[in-house]
Amino acid sequence: MPSLLACDEPKPFHVIQPASVGRWVITCDHASNRIPRALGRLGLPDAEIARHIGWDIGAAAVTQGLAARLNAWAILQNYSRLVIDCNRHPGTPTSIPVRSENTDIPGNVGISPEHAAQRRTEIFDPYHAAIAAELDTRARAGRATLFVALHSFTPVYDGAARAMHAAVLYNRDVRLARALFHRLAAEPGLIVADNEPYRVTDESDYGVPVHCERRGLPYVEFEIRQDLIAQAEGQAAWIDRLASLLPLAACDIGF
Ligand SMILES: [Zn+2]
């Protein structure tokens, strides 16, 4: 079978500040809406790939800016969640979705086990191997690590408007998420949701349960509403806010 990614296409992931010795690791699972050429746009018009079902609008820019401010090791996934979702367990129905919100994904219907495996081995596995390798290196060196899984959510889902500006999400380990929630809740005019509109579970999520909870790393899965970070001005405001509040939240829990 020919490679999924052509030699002139980007690698499956991009690491920001690979030599960082800071405490923070930031992942952006849904940074890009790029589709490998070999998949022919998955049968979708460009307008569908450009909207939130294709990626987390604004999240890559916030990750890059925040990584610079926190001296973080950060990683961006370079391909669309519609190709293979890097925050889902491979083999589950939402890993290679045949429908997202109200859009059918023709290029994902009836794909063979070999083609599904290829998306995993060429995109999902290298991305998560890079994260695991970085966390292994830090653990061997005895370095403390705080983990941020950065996402963005659509302001309107299935016709319902969402009032919250941002959300902290977590599973078993509430330490960093709760501390950040309290710090954000003190910001005037900000509406922050606590484990809504989604929550982290072992079944629905991959990054946090696998990379953080199995290692006992403090983490927060953080979501920002997309209309607030679609442009540079809003991105800069959220980078500023998180660059000041994340270290305070870390301090609150003894890091
Ligand atoms: Zn996301």
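See the structure above.
Residues numbered from 1 in each chain as written. Predicted model: local features only at pLDDT ≥ 70, side-chain atom pairs only at ≥ 80, totals over all residues. Heavy atoms only, no water.

A.B. asks: Can you walk me through the coordination of the zinc ion in this structure?
C.D. replies: Put simply, the ideal angle at a metal is 109.5 degrees for four donors in tetrahedral geometry and 90 or 180 degrees for six donors in octahedral geometry. Distances from the zinc ion to its protein donors, His30 (ND1), Asp56 (OD) and His151 (ND1), fall within 2.0 to 2.1 Å. Here the donor residues of the zinc ion share one chain and are spaced in sequence as H-x25-D-x94-H. Placement of His30 in the loop between β2 (24-28) and α1 (46-50) and of Asp56 in the loop between α1 and α2 (59-70) is noted, with a sequence separation of 26 residues between them. (Donors = N, O, S within 2.8 Å, 3.2 Å for Na, K, Ca; no water. Helix = DSSP H or I, 4+ residues; strand = E, 2+ residues; numbered from the N terminus.)

A.B. asks: Please explain the pattern of salt bridges as it appears in this structure.
C.D. replies: Once their charged atoms are close, side chains differing in charge can pair, the charge on each being opposite to the other. On inspection of all chains with the given rule, the structure shows 17 salt bridges. Measuring nitrogen to oxygen at the nearest pair gives 2.6 Å for the salt bridge that ties Arg172 to Glu213. With Arg172 in the loop between β9 (166-169) and α4 (175-185) and Glu213 in helix α5 (residues 207-213), this pair connects stretches of sequence that are 41 residues apart. The exposed category is assigned to Arg172, whose relative accessible area is 54%. Look at the salt bridges and you will find they share partners, linking Glu48, Arg51 and Glu101 into a network. (Salt bridge = Lys/Arg side-chain N within 4 Å of Asp/Glu carboxyl O. Buried < 20%, exposed > 50% of the residue type's maximum accessible area, 1.4 Å probe, protein only.)

A.B. asks: I tried to follow the sheet that holds strand β10 (residues 192-194) on my own but got confused; where do I start?
C.D. replies: The pairing of strands in a sheet comes from backbone hydrogen bonds and takes either a parallel or an antiparallel form. The sheet built from seven strands is open, its strands ordered β1-β3-β2-β6-β11-β9-β10 with mixed pairing. Two strands lie at the open edges of the sheet, namely β1 (13-16) and β10, each paired on one side alone. Ignoring which end each strand starts from, the neighbouring axes of this sheet average 20° apart. For β9 and strand β11 (residues 219-225), the ladder comprises four bridges, and the chain directions are antiparallel. (Pairing = 2+ DSSP bridges. Axes fitted to C-alpha atoms, helices over the stretch in contact; angles between N-to-C directions.)

A.B. asks: Can you help me understand unusual backbone geometry in this one?
C.D. replies: Glycine aside, residues mostly have negative phi angles, and peptide bonds mostly take the trans form. With an omega of -5°, the peptide bond running from Glu196 to Pro197 counts as cis. With respect to the element layout, Pro197 can be found in the loop between β10 and α5. The phi dihedral of Arg41 falls on the positive side, at around 65°, and the residue is not glycine. Along the chain, Arg41 falls in the loop between β2 and α1. Phi at Asn71 takes a positive value of approximately 50°, unusual for a residue other than glycine. Looking at the element boundaries, Asn71 is found in the loop between α2 and β3 (73-77). Using a relative accessible area of 34% as the deciding quantity, one classes Asn71 as partly exposed.

A.B. asks: What should I look at first to understand the packing of α4 against helix α6 (residues 232-252) in this one?
C.D. replies: Each packed pair of helices is defined by two parameters, the angle between the axes and the distance between the axes. Across the interface, α4 lies against α6 with an axial gap of 9 Å and an inter-helix angle of 125°. Classified by the angle their axes make, α4 and α6 are oblique. α4 and α6 meet at a crossing whose hand is right-handed. In contact with Leu176, Ala179, Leu180, Arg183 and Leu184 of α4, α6 contributes Trp238, Arg241, Leu245, Leu246, Leu248, Ala249, Ala250 and Asp252. (Parallel < 35°, antiparallel > 145°, perpendicular 65-115°, else oblique. Left-handed = near helix turned anticlockwise from the far one by under 90°. Contact = heavy atoms within 4.5 Å.)

A.B. asks: Could you clarify how one ought to interpret the pairing of strand β6 (residues 146-153) in this entry?
C.D. replies: Moving residue by residue along a regular strand, the side chains alternate between the two faces of the sheet. β6 sits mainly inside the fold: eight of its eight residues count as buried. Of the two faces of β6, the one holding Leu146, Val148, Leu150 and Ser152 and the one holding Phe147, Ala149, His151 and Phe153 are both buried throughout. Taken together, the four bridges between β2 and β6 define a ladder with parallel strand orientation. Within β6, the residue paired with Thr27 across the bridge is Ala149.

A.B. asks: What is the right way to read the side chain of Thr145 from this model?
C.D. replies: Examined against the element boundaries, Thr145 turns out to sit in the loop between α3 (113-140) and β6. Taking relative accessible area as the criterion, Thr145 reaches 4% and is therefore assigned buried. Within the structure, the side chain of Thr145 is placed 3.3 Å from the side chain of Arg138, a separation counted as a polar contact. With residues up to four places along the chain from it excluded, the contact list for Thr145 reads Arg23, Val25, Leu135, Arg138, Leu217 and Pro218. (Polar contact = N/O pair within 3.5 Å; in protein donor to acceptor, adjacent residues only side chain to side chain.)

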